[in-house]
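Secondary and tertiary structure notes
In case you want the letters, here they are:
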Amino acid sequence: MYNEDQTKVLQQKSVDFLNAANSITENNIEQLRNVLRFNEYRYYVQNNPLISDVEYDVLYKALEKIEATNQSLITKDSPTQRVGNGLVNNFAKAEHLVPMLSLENSYDADDLIDWDRKAKELSGLNEVEYCVEPKFDGASISLIYENNMLVRGTTRGDGVVGDDITPNTMQIKSIPLSANFMEYGINQIEVRGEVMLNKKNFKAYNDKQIEEGNPPLANPRNAAAGSLRIKDTAEVGRRKLEAFLYHVSYVTPLPPKGGILDSTNSSNFSKQLSTHSNMLEMLWSLGFKSPKKEMKVVKGIQAVIDYVNEFEKSRDNLDYEIDGMVIKVNNLQLQDKLGMTSHHPRWAIAYKFKARQATSKLIGIEFQVGRTGAVTPVAKIEAVAVGGVTVSSISIHNEEYIIEKDLQLGDSILIERSGDVIPQIVKSFAELRRGTEQKIIFPTHCPVCEHILIKPAEEAVWRCSNMNCKAQVVERIIHFVSKDALDIRSFGDANVRKFYDMGILQTLTDVYQLPWDKLKGLEGFGEKSIANLQTAIENSKTQPLNRIIYGLGIRYVGETTAKTLANAVSHLKDFTTYTEEELKQLDDVGIKVAKSICAFFSSAENIELIDKLEQLGLHLKNEKKTTTTNGNLTGFTFLFTGTLSRLKRSDGEAMVEANGGKLLSGVSSKLSYLVVGEDAGSKLEKAKKLGTITILNEEEFLKMLSS
Ligand code: IVH
């Protein structure tokens, strides 16, 4: 919606207005509205605000003040006339059947005890039964099923009206497209839940962003919220979102059959709708991901306190992020009796875990040169504990990121650490500036070798253009021996640097040709540590191909792509014959990655490196693919897609390999057979388009094996 230039102008204008909020006049009214619209867009549509909520309020109030004294200047589209309407990004608006309320928050046992006291008073009970479940940290969603069919998926929006994102909802595999609610006597139902990106997928997403030179997202919550609003439905599917459903907000029962109430349905209906935990069980049994396993039904608040404390301890072991627990009165009739305020139900409360956000101060910037020459600014901050870890430096990725987050030296900043994700700066508090802060100046020359930095048009990072820059060479070697690559742990970064300076480790192949006699007698290199290093180096020669590919440090090829690549070939050098088009057929390989791989394998220097590594004993063959060479599938390549009905996919794949066939991970002209099951999608289409691939169903595949 806003291009780069407009963004810069509006961002600057926001700062200008904030610096002089009291002196904005009616002459600036339209500009002020535009600034507010822009910031709403950043917040609601992009989930990437540039100013804080407080700052937004300052500007909003300034507009209200001007409009109050200049009523004739009020326009229908003024942000003040929106009254909480969520913003649209070409999605139709849809009204929730029941408003989506928020939750009251609690932070410690005393808060919970107070809340329990009120619940007991209002209910007249001595002890209340509660259902305790995780508070999922994602983006909320509301689904409507009618006659068992999913008919609508909606974002929260302003709580009353949200965005109709039905097609995107249908891309989330954990949301059933139909569910047998009728079995429970339910005709129409509105189900609420949270869309999440689990930790693993979030990390993979961010790794890819970083590989491609884009700044990563601060947390899975932003990633989930942003993903729900993508206009390209297929891309939503690729994000691998999931949804936990934890609340039924509205139900209409099935009409009685021929005037007589169906006894099975009606008893199911009243049973399932008597307690919250029953509803979670019903959702689970209908194929939804509900917190059935995580929830606990307990009596009295002490048991609640015990469970939330116990759960907080296992927080880091979960696959997904939670930011607390939600405690709900279990009996639904009692829920009705307790009712709600305009903001939250009285029958539920959120218990928030210790924050993984903290404020600190930006006290310095270091510019580090990476293995691809990328110059990354690293923020040095006043040490602060976040989520149990002390953080004193944070990568801030690139120049644009500094501009976008409006970072200045001396700024107060908000940082966040989501689970095992590296800490991120969420924002700076521009409103707390004292005038002594300094702009961050990006260097024009490499801080290590002093070569000029260049920024290719399509990239966000400045790069040192000198391939032989010491920083790049050393970082390439450190990457090669790192844990996720060749895993020669005993090397350590410091030794790589030391050996480089000694002139004995200046290329990747030097790793396997160290002059051991020169190491003897060196401080820290007794016989034992030399022997350890020798063993580790020797062991690394048997690392699988994907680790070697990753270790080579091909631009944009992270761990996931390296696995895809390793699975696609029988030998690393097969890539010398691959075209960009063929590479693009592989999972996760886009044009940028394909170009980079082609460039790598067309360099004579790189081929020489690969040959030498093989001579030195590394296994560049894909061992998995060459186990059997004399079965009746020898010479043919296979790929499975869709859901098979008789076989598990892994069994099918094992059969191919056992019979001498090879597995490919994507559709390309190298593929001989595509075995398709139910709901085969894009791979089948691609195969049909190519026209050279034989498409088999499961029966045909099994017949082929037995023939
Ligand atoms: S119940 C009427 N249960 O937290 C009450 N909400 O901070 C409906 N959330 O807006 C909400 N996990 O998006 C409920 N287990 C859970 C939840 C949960 C996450 C979200 C939800 C809500 C927000 C309030």
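In what follows, the structure referred to is the one given above.
Heads up: these notes are all about the structure in this document. (Residues numbered from 1 in each chain as written. Predicted model: local features only at pLDDT ≥ 70, side-chain atom pairs only at ≥ 80, totals over all residues. Heavy atoms only, no water.)

Secondary structure summary: the protein contains 25 helices and 24 strands in total. Against the compact-globule benchmark of 27 Å for 707 residues, the protein has a radius of gyration of 30 Å, which places it among compact chains. On the principal axes, the C-alpha backbone points of the protein span a range of 85 × 75 × 50 Å. Within the protein, the proportion of its 707 residues that are buried is 49%. Restricting to contacts in the protein with at least 6 residues of sequence separation, those with at least 24 account for 67%. For the protein, the computed accessible surface area is about 33,800 Å², with 50% contributed by carbon and sulfur atoms. Placing the 85 positive and 93 negative side-chain charges of the protein at their respective mean positions leaves the two points 2 Å apart. (Helix = DSSP H or I, 4+ residues; strand = E, 2+ residues; numbered from the N terminus. Rg over C-alpha atoms; globule rule 2.2 N^0.38 Å. Buried < 20%, exposed > 50% of the residue type's maximum accessible area, 1.4 Å probe, protein only. Contact = heavy atoms within 4.5 Å. Areas by Shrake-Rupley, 256 points an atom, 1.4 Å probe, with all protein chains shown as cover. Lys, Arg positive; Asp, Glu negative; His and termini not counted. Charge placed at Lys NZ, Arg CZ, Asp CG, Glu CD.)

Now for the site of the ligand. Residues in contact with the ligand amount to 14 residues; listed here are only the nearest, E133, P134, F136, E194 and K328. Note that an oxygen atom of the ligand is positioned 2.9 Å from one of the side-chain N or O atoms of E194. With respect to the ligand, the side chain of K328 contributes an N or O atom lying 2.9 Å from a nitrogen atom. If the ligand stood free it would expose 530 Å²; the protein chains cover 88% of that surface. At the level of elements, β3 (129-136) and β10 (322-329) are the ones that each hand at least two residues to the shell around the ligand. It is β3 that provides the largest number of residues to the shell around the ligand, a total of four residues. (Near = heavy atom within 4 Å. Polar contact = N/O pair within 3.5 Å; in protein donor to acceptor, adjacent residues only side chain to side chain.)

Here we come to the pattern of salt bridges. Per the counting criterion, the structure on display carries 34 salt bridges. Between R239 and E235 there is a salt bridge, with the nearest N and O atoms lying 3.0 Å from each other. A relative accessible area of 21% places E235 in the partly exposed class. Residues joined by salt bridges that share partners form a network here, namely E30, R33, R37 and E67. (Salt bridge = Lys/Arg side-chain N within 4 Å of Asp/Glu carboxyl O.)

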